[in-house]
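# Close look at the chain arrangement
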Amino acid sequence: MAAALDAFEERAAIREFDGGQTRAEAERAALGEVAQAFDIAPELLARHIRTGEQE
């Protein structure tokens, strides 16, 4: 899960700074991308992002 959280942070930052999206837009899009790439339910990934859980 730690790799997915790192990927989420990276994708959101890229979308925000290079893509010109707001942080909220960038996080929404990154959540979907990373959940699909890591084959994780978006709801599960979102919970881990909110709580900072690594496992």
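Criteria and thresholds
- Residues numbered from 1 in each chain as written.
- Predicted model: local features only at pLDDT ≥ 70, side-chain atom pairs only at ≥ 80, totals over all residues.
- Heavy atoms only, no water.
- pLDDT = per-residue confidence, 0-100.
- Helix = DSSP H or I, 4+ residues; strand = E, 2+ residues; numbered from the N terminus.
- Expected span 1.5 Å × (residues − 1).
- Buried < 20%, exposed > 50% of the residue type's maximum accessible area, 1.4 Å probe, protein only.
- Arc of directions from axis to C-beta.
- Contact = heavy atoms within 4.5 Å.
- Axes fitted to C-alpha atoms, helices over the stretch in contact; angles between N-to-C directions.
- Parallel < 35°, antiparallel > 145°, perpendicular 65-115°, else oblique.
- Left-handed = near helix turned anticlockwise from the far one by under 90°.

## Considering the confidence of the model for the protein
- In the predicted model, the protein carries a mean pLDDT of 94, and 95% of its residues have values of at least 70.
- When mean pLDDT is taken per element in the protein, helix α2 (residues 23-37) scores highest with 97 and helix α3 (residues 42-51) scores lowest with 94.

## Quick look at helix α1 (residues 2-17)
- If you check α1, its first and last C-alpha atoms are 23 Å apart, about what 16 residues at 1.5 Å a residue would give, namely 22 Å.
- If you check which residues of α1 are buried, you get Ala4, Leu5, Ala7, Phe8 and Ala12. Seen along its axis, α1 keeps its buried residues to an arc of 160°; they face one direction. Set apart from the buried face of α1 by more than 90 degrees, the exposed residues are Asp6 and Phe17.
- Those residues of α1 that are buried are in contact with α2 and α3.

## Thoughts on the packing of α1 against α2
- Contact geometry of α1 with α2 gives a least axis separation of 8 Å together with a crossing angle of 135°. Compared by their axis directions, α1 and α2 come out oblique. Crossing angle aside, the handedness with which α1 passes α2 is right-handed. Here Ala4, Ala7, Phe8, Glu9, Arg11, Ala12, Ala13, Arg15 and Glu16 of α1 come into contact with α2, specifically with Arg23, Ala26, Glu27, Ala29, Ala30, Leu31, Glu33 and Val34.

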